[in-house]
Structure formats: structure tokens, C-alpha cells
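Single-letter residue listing:
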Number of protein chains: 2
Amino acid sequence: MLVYFWQMGRIKTTNNQLTRKEIIIEKAATLFKEKGFKAASMREIADVVGVEAASLYNHIKSKNELLNIICFGVANRYTHKMDEVEASKLSTLAKVESLLRFHIDGMINYFEEVYVSDREWKHLDNPYLSNMQNQRRTYRKRFAAIIEEGIKKKEIKKIDAATAVLIMLHAIGGIESWHRSTRKIIGKELEENMVTFLIDGLRKI
Amino acid sequence: MLVYFWQMGRIKTTNNQLTRKEIIIEKAATLFKEKGFKAASMREIADVVGVEAASLYNHIKSKNELLNIICFGVANRYTHKMDEVEASKLSTLAKVESLLRFHIDGMINYFEEVYVSDREWKHLDNPYLSNMQNQRRTYRKRFAAIIEEGIKKKEIKKIDAATAVLIMLHAIGGIESWHRSTRKIIGKELEENMVTFLIDGLRKI
DNA sequence: AAAATATACTAACATCTGTTAGTGTCAAAA
DNA sequence: TTTTGACACTAACAGATGTTAGTATATTTT
């Protein structure tokens, strides 16, 4: 008589209170960050999750759905924050600073998702791709509008607003894992450094 | 009687004085920029070049060789510039400004290669991968050393040098094609905007 | 003109890709 | 206890991938 044993361990969900789907998304985000969306395969994701590739499809519709969820999760956070900042009564420079700190915090606390969203959104497929392009364009325009208002009110130096936005967003997007995990610079300290730099520049006054 | 025609048009090399290999590299760089290294296939590159995929292998050894050439071309330019700047007698702030302008010019004049080198170097394979990691680390350290000297000489504000380098390099790396081709901001003007921002910040003094 | 080299072609390969079909089992609901 | 739904499995697909082999032609050298 022959007895078959085979491991059919389910994805563990007891540790955190994440659903299985959320666990998959989390692991996928890490892999997308490390190898890029195209280079990370469903079989690799499945390996990390501890499951066969086909099993992932009990939880998600496609590989691209994973990217959709990651990217739009981040984009929606951005939009909400921008709504909030626009509605606030802060000075324009304080608005800019608030957005900067928000982005830096995001980079520190949601590194994988933000990183992936920033660098891999081009692999979205339509209609999500054009949706994302619109959201990004709109966000930058709203950001630039704040700067332009600051220039008008003489709170901000007279520079090209679009360029300033580009610089700030990319500067923050450049925070890397080694930089986050380095003992010398952590969290708040990194934040202060970046804000100081971006608001006041390099030159000693 | 049956007569066969088939096009065996060679890659045209008369236009510029580029070798066929250089033409392939150029087209590959554009494609790598647009789709990413992994997503761009040899067959697509061949299409753009106007040839069958297999024919590319008369000129190059592998897809990865294309990436090697692109990435190390850029890295070597960086190293040479850094040698030159270090050897100069400029003030530290002027050294930083010189490097900034060099990077911005590079982004404008060699956009595809620089962009690809910056974002796709992770797909290099060893030993090129670790070589590139070393070159990048070394470059940033040399850049940071200039800033630290500037801080010591009280020419530069007291901030974390590594963070400053990260900010500047990524801010410049964020120049995108739409931004380059926009009528409103071109070449020198973009350069002035960025240098102003990075040296003097946003705040109006 | 002949020989040699460079370079294009077609055909095919082995491997990897995302994904579906079909089946069995465990946990929760009835 | 029985039923049901969630979820894991194996097997396999069709298509894309980088690359090689073998061959034919165009260009350059002799």
C-alpha cells in the first residue's frame, strides 16, 4: 500500500492581519523593486510566498494586476495628500515643505511600493497606463501651481516651477535602501537634511 | 521560371560616420530607455535597425554586451570628469557647480545612454555588475569628499554630504525627455534653473 | 578575376514566460 | 455531519526569449 504525503501549506496569514492577497502584493513589491517588473517572474514571486505559481491565480487576476494595485495605491495617497495641502491655510513655502516631508516619509515607510510605483509604472497596460500618466501629470501641475503662487507672493525664488517640481520629486525618489538602512542617517535626520537642502540649497549664507 | 528577390540591405553606415556596431548600440539605447532592458527584445532592436535578429550577432556578442557598452561608456566619462575636477584649483563650491553642469549637459546631449546607464545597470551580469557597483560607489564618495571639504572650508552649508550627493544626482537624473523637448525650457535655461535651485534652494533670501 | 571577409538570411534550439484546466483537500457554514 | 467555498496542487499550453548553425550574397582585398 502506498501513501502519498504532500505539503499543501496555505499561505500563513496569522502573523499579521494581512489577507493572503495582501501578502502576495507585499512580496511582489519587494521583488519588483529588486529586479524590476519585467524581470521578476510569477514563479519567483510564488517561491517567495511559498507556493506554486499557479496558486497565485486563486488570489489575483494577473501579474499586471499586482502592478496596478501597487501603483494606484501610491498614486491615491498622493492625491489625497495634495487635496489636503491645497485646502490648508499654510503659506506656500510651508505647503511645499509639507509635501516634501510627506514624500520623504513615504519613501521611508512605504519604500517598496513607492519605489516600484515611481520606476515601473510604464509597464502598466491600458487603460491603467494612461490613467496613471494623467494622475502623474495632474499631480505635478498642482505642485507647480503652489510654487507659482509662492513666486507671485514673493515667498519663493523666481525659478521655473515645473523644473523645481521635477527636481524635488526625483531627489526624493532617489532615496535608496542602503541610505535608509545606514546607521549614520535615519528617519527624521534624513528628512531634515533633505528639506534643508531643497528649501535652502547648498550655499552657506 | 521563378526569380527570387529578397532584400539583403545592409545596415546603412554612410549617413553618419558610425560603424554598424555603433548604430546598433544607438538604437538599442533608445529602446532600452523606452521599454527598459528586459522588456526590449533583440527582435525589436533588429526591427529598428532594419535587420533580422540573428544578424545582430555578426556585430555583437550578446544582448548584455549592449548594456555593458552603454553603461561603461557613461561611467568612464564620469570618472574622467571627476579626475579633472579634483585636479583643478577651483573652490569647492565651484567644483560642485562644475560637476552639476557636467551632469546636466550629459543628460541633455547623451540622454539615452545616461538614462539607461542610470536605471538599467542592475541588469548587468558579473563581473560587470560588481565592477559598476564599485564605480558608482567610488564616484559618490569622491563627490561627497568635495562637499565635505567645502563644509570644512565654510563654503558649503553643514549638511550630510552623502545625502547631498544623492539629491543632486537623482535630481539631475530626473530630467525627462518631455522636459528636454519642451519649448519653454531648453538647454542652457534648464541648466541655469537647476544649478540655481541646487546651489541656492527655493527660499527667497 | 579570384579569393577572402563581412554580413545578411532562414530555421531552429532550449528555456522561460504568464496563464488555464482540472483535481484534490482543508476549514468554515449549514 | 454534510456541504460548500477557499485554496493548494500537477500538468500543460502557447507564445516570447536569447542565441546558434548553416548558408548565401555583397563588398573588399589580392
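Since the structure is predicted, the reported quantities are computational estimates derived from the model, not experimental observations.

1. Some details on the overall build of chain A
Line of reasoning, step 1. Of the regular secondary structure elements, chain A holds nine helices and zero strands.
Line of reasoning, step 2. In sequence order, chain A lays out its α and β elements as α-α-α-α-α-α-α-α-α.
Line of reasoning, step 3. When the 205 residues of chain A are sorted by exposure, 48% land in the buried category.
Line of reasoning, step 4. For chain A, the share of sequence-separated contacts (at least 6 apart) that also reach a separation of at least 24 residues comes to 65%.
Line of reasoning, step 5. Total accessible area on chain A is roughly 11,100 Å²; 52% of this is exposed by carbon and sulfur atoms.

2. So, the environment of T163 of chain B
All names here are of chain B.
Line of reasoning, step 1. Within the element layout of this structure, T163 appears in helix α7 (residues 161-173).
Line of reasoning, step 2. Residue T163 is classed as buried on the basis of its relative accessible area of 2%.
Line of reasoning, step 3. Sequence spacing of T163 and A144 is 19 residues, and the spatial spacing of their C-alpha atoms is 8.7 Å.

3. Focus on the pattern of salt bridges
All names here are of chain B.
Line of reasoning, step 1. Enumeration according to the criterion identifies 16 salt bridges over all chains in this entry.
Line of reasoning, step 2. Between E86 and R142 there is a salt bridge; the shortest N-O distance is 2.7 Å. Placement of E86 in helix α3 (residues 63-87) and of R142 in helix α6 (residues 128-152) is noted, with a sequence separation of 56 residues between them.
Line of reasoning, step 3. A relative accessible area of 35% means that E86 is categorised as partly exposed.

4. Some points on the environment of M107 of chain A
Line of reasoning, step 1. As for its placement among the helices and strands, M107 of chain A is situated in helix α4 (residues 92-109).
Line of reasoning, step 2. On a C-alpha basis, the gap between M107 of chain A and G173 of chain A in space is 7.3 Å, while along the polypeptide they are 66 residues apart.

5. Here we look at the confidence of the model for chain A
All names here are of chain A.
Line of reasoning, step 1. On average, residues of chain A score 85 in pLDDT, and 79% of them are at 70 or above.
Line of reasoning, step 2. Considering each helix and strand of chain A separately, the mean pLDDT is smallest for helix α8 (residues 177-181), with a value of 62, and largest for helix α3 (residues 63-87), with 97.
Line of reasoning, step 3. Note on residues 1-8: pLDDT is under 50 here. Beyond four places in sequence and across chains, it has zero contacts.

6. Section: the packing of α6 of chain B against α7 of chain B
Residue and element names in this part refer to chain B.
Line of reasoning, step 1. At a minimum axis distance of 8 Å, the contact between α6 and α7 shows a crossing angle of 115 degrees. The interaxial crossing formed by α6 with α7 has right-handed handedness. In this structure, α6 uses Y139, R140, F143, A144, I147 and E148 to contact α7, whose residues at the interface are A161, A162, A164, V165, L166, M168 and L169.
Line of reasoning, step 2. Its residues placed into classes, the contact of α6 with α7 shows 11 nonpolar, no polar and two charged.

7. Some remarks on the packing of aromatic side chains
Line of reasoning, step 1. Applying the stated rule across the entire model yields 12 aromatic pairs over all chains.
Line of reasoning, step 2. Taking 5.5 Å as the distance between ring centres and 35 degrees as the angle between the ring planes, the aromatic pair formed by Y78 of chain B and Y139 of chain B counts as tilted. With a gap of 61 residues between them, Y78 of chain B in helix α3 and Y139 of chain B in helix α6 connect regions that are remote in the sequence. The burial state of Y78 of chain B is the same as that of Y139 of chain B; both residues are buried.
Line of reasoning, step 3. Taking NZ or CZ as reference, K63 of chain A lies 4.4 Å from the ring centre of F37 of chain A, over its face.

8. Concerning the environment of L67 of chain B
Residues and elements named next belong to chain B.
Line of reasoning, step 1. Here L67 is to be found in helix α3.
Line of reasoning, step 2. Look at L67 and you get buried, because its relative accessible area is 0%.
Line of reasoning, step 3. Between the C-alpha atoms of L67 and A29, which are 38 residues apart in sequence, the distance is 8.1 Å.
Line of reasoning, step 4. When neighbours within four sequence positions are excluded, L67 is seen to be in contact with F32, F37, V116, E120, H123 and L124.

9. Remarks on α7 of chain B
Line of reasoning, step 1. Look at α7 of chain B: 18 Å from first C-alpha to last across 13 residues, which is about the 18 Å you get at 1.5 Å a residue.
Line of reasoning, step 2. For α7 of chain B, the buried fraction is high: 12 of the 13 residues fall into the buried class.

10. Here we look at unusual backbone geometry
All names here are of chain A.
Line of reasoning, step 1. Omega for the bond connecting N126 with P127 falls within 30 degrees of zero, at 5 degrees, which places this linkage in the cis form.
Line of reasoning, step 2. With respect to the helices and strands, P127 occurs in the loop between α5 (111-120) and α6 (128-152).
Line of reasoning, step 3. Positioned with a positive phi, K154 is a non-glycine residue whose angle comes to about 60 degrees.
Line of reasoning, step 4. Mapped onto the elements of the fold, K154 is located in the loop between α6 and α7 (161-173).

11. Re α4 of chain A
Line of reasoning, step 1. Counted at 1.5 Å a residue, the expected span for α4 of chain A with its 18 residues is 26 Å, and the 26 Å between its end C-alpha atoms agrees.
Line of reasoning, step 2. All of the buried residues along α4 of chain A are T92, L93, K95, V96, S98, L99, L100, F102, H103, I104, G106 and M107 of chain A.

The rules behind the values
Residues numbered from 1 in each chain as written. Chains lettered and ligands numbered in written order. Predicted model: local features only at pLDDT ≥ 70, side-chain atom pairs only at ≥ 80, totals over all residues. Heavy atoms only, no water. Helix = DSSP H or I, 4+ residues; strand = E, 2+ residues; numbered from the N terminus. Buried < 20%, exposed > 50% of the residue type's maximum accessible area, 1.4 Å probe, protein only. Contact = heavy atoms within 4.5 Å. Areas by Shrake-Rupley, 256 points an atom, 1.4 Å probe, with all protein chains shown as cover. Salt bridge = Lys/Arg side-chain N within 4 Å of Asp/Glu carboxyl O. pLDDT = per-residue confidence, 0-100. Axes fitted to C-alpha atoms, helices over the stretch in contact; angles between N-to-C directions. Left-handed = near helix turned anticlockwise from the far one by under 90°. Nonpolar A, V, L, I, M, F, W, Y, C, P; charged D, E, K, R; others polar. Phe/Tyr/Trp six-rings, centres within 6.5 Å; stacked < 30°, edge-to-face > 60°. Lys NZ or Arg CZ within 6 Å of the ring centre and 35° of its normal. Expected span 1.5 Å × (residues − 1).

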